[in-house]
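Here are the chains, one letter per residue:
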Amino acid sequence: GEELKAKIVLDASGTFKKGIGYGQSNIKTSIGDIYLEKMVYDSKTKAFNTNYTLDIPDLKKWQNAIDRKLYGPLKLKGTWSKEKVRTVTGETSTLGGKISYRLVGDELKSVIDNVPLDNILALLGHKKNFLGRSFGNGMYHLKRKSGVIDIDIKDFKIKPSPTTNTIKLIIGKDPTRVIFDSTKFHADIKGKITEYNLHAVGTRSSIDITEGRIDKINNTNTAKFTFVYEKYTVHGK
């Protein structure tokens, strides 16, 4: 993305002994704060490692840097090192549950553990039309801006919307009252286009969302769906 424009206040201290630097740094900025602890730098090999905390009050202000609109606060803690390649590991509990991640070079891998689905939707700027607890894995390549996400959702539910009201009117059954026992979500990210599908199965019902497509260029989200409840089947888009 583009450069970030931010006011910065830096407070750093450290020592050098035989070509090895030891220190710590607090970086206060208008878009977030960075705390670096137990920094070690080898001036001969150029190797560097540190513990870090990144505290962001509003992700919208980072859009130029990450080339993506995200919303809300985020706090990350972990380790950052660079020898031949950059390696960053860490985790966050800002969204509830835990998301852990590992960045090696330009490849980012993450593990999602018991994170509320509506919090993930809010982070991405989508309507919070679904409820559940998310478990899964993701992979994203920073330079290619592409990746894959696979998530299992426990206790998946649909919140009331014009679509659910229409289904209720047609078949006399309210899909928002159904809790789906098994739900799997898959997404392929390619730049500003994300293609996705979802398959949910309940005791007497199921829902399939196919040909899902989120277009960040035109700010659209389209998909086909099939909702089955006992003897009723509803297709829509």
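Scroll up to find the structure.
Residues numbered from 1 in each chain as written. Predicted model: local features only at pLDDT ≥ 70, side-chain atom pairs only at ≥ 80, totals over all residues. Heavy atoms only, no water.

Peer 1: Explanation requested: the pattern of salt bridges in the structure shown.
Peer 2: A side chain of one charge can pair with a side chain of the opposite charge if their charged atoms are brought near each other. All told, the structure shown has 10 salt bridges when counted by the stated rule. Between Arg204 and Glu230 there is a salt bridge whose closest N-O contact spans 2.7 Å. Of this pair, Arg204 sits in the loop between β12 (193–201) and β13 (205–215) while Glu230 is found in the loop between β14 (220–229) and β15 (232–236), placing the two residues 26 residues apart along the sequence. Residue Glu230 is classed as partly exposed on the basis of its relative accessible area of 38%. Each of Arg86, Asp106 and Lys143 takes part in a single network of salt bridges with overlapping partners. (Salt bridge = Lys/Arg side-chain N within 4 Å of Asp/Glu carboxyl O. Helix = DSSP H or I, 4+ residues; strand = E, 2+ residues; numbered from the N terminus. Buried < 20%, exposed > 50% of the residue type's maximum accessible area, 1.4 Å probe, protein only.)

Peer 1: What's the story with helix α3 (residues 162–171) in this structure? I'm lost.
Peer 2: Each α-helix turn comprises 3.6 residues. Residues three or four places apart therefore point the same way. Along α3, the residues classified as buried are Thr164, Ile167 and Ile171. Angular distribution of buried residues about the axis of α3 spans 60 degrees; they occupy a single face of the element. Turned more than 90 degrees from where α3 packs its buried face, Pro162 and Leu169 sit exposed. Packing partners of the buried residues in α3 comprise β10 (146–158), β14 and β15. Immediately downstream of α3, the backbone of Gly172 shows phi near 75 degrees, a positive value. (Arc of directions from axis to C-beta. Contact = heavy atoms within 4.5 Å.)

Peer 1: Before we go on, may I ask you to explain the nonpolar core in this structure?
Peer 2: One recurring pattern in soluble globular proteins is that nonpolar side chains are buried together. One finds Phe156, Phe180, Leu198, Ile207 and Phe227 to be the most contacted residues of the largest nonpolar core, which totals 43 residues. The contact partners of Leu198, leaving out residues within four places of it in the chain, are Ile153, Phe156, Thr183, Lys184, Phe185, Ile207, Asp208 and Ile209. (Core = buried A, V, L, I, M, F, W, Y, C linked by side-chain atoms within 4.5 Å.)

Peer 1: Sorry, what's going on with helix α2 (residues 117–124) here?
Peer 2: Looking only at α2, the buried set comprises Leu117, Asp118, Ile120, Leu121 and Leu123. Positioned one or two residues after α2, Gly125 has a phi angle of 85 degrees, which is positive.

Peer 1: I would appreciate a short explanation of the environment of Asp55 in the present structure.
Peer 2: Structurally, the position occupied by Asp55 is in strand β4 (residues 48–56). With 14 residues separating them in the primary sequence, Asp55 and Tyr41 have C-alpha atoms 23 Å apart. Residue contacts for Asp55: discarding those within four places in its chain leaves Gly32, Asp33, Leu74 and Lys75.

Peer 1: Honestly, the side chain of Thr183 in this entry has me stumped. Any pointers?
Peer 2: Examined against the element boundaries, Thr183 turns out to sit in strand β11 (residues 182–190). Residue contacts for Thr183: discarding those within four places in its chain leaves Ile151, Asp152, Ile153, Phe156, Leu198, His199 and Ala200.

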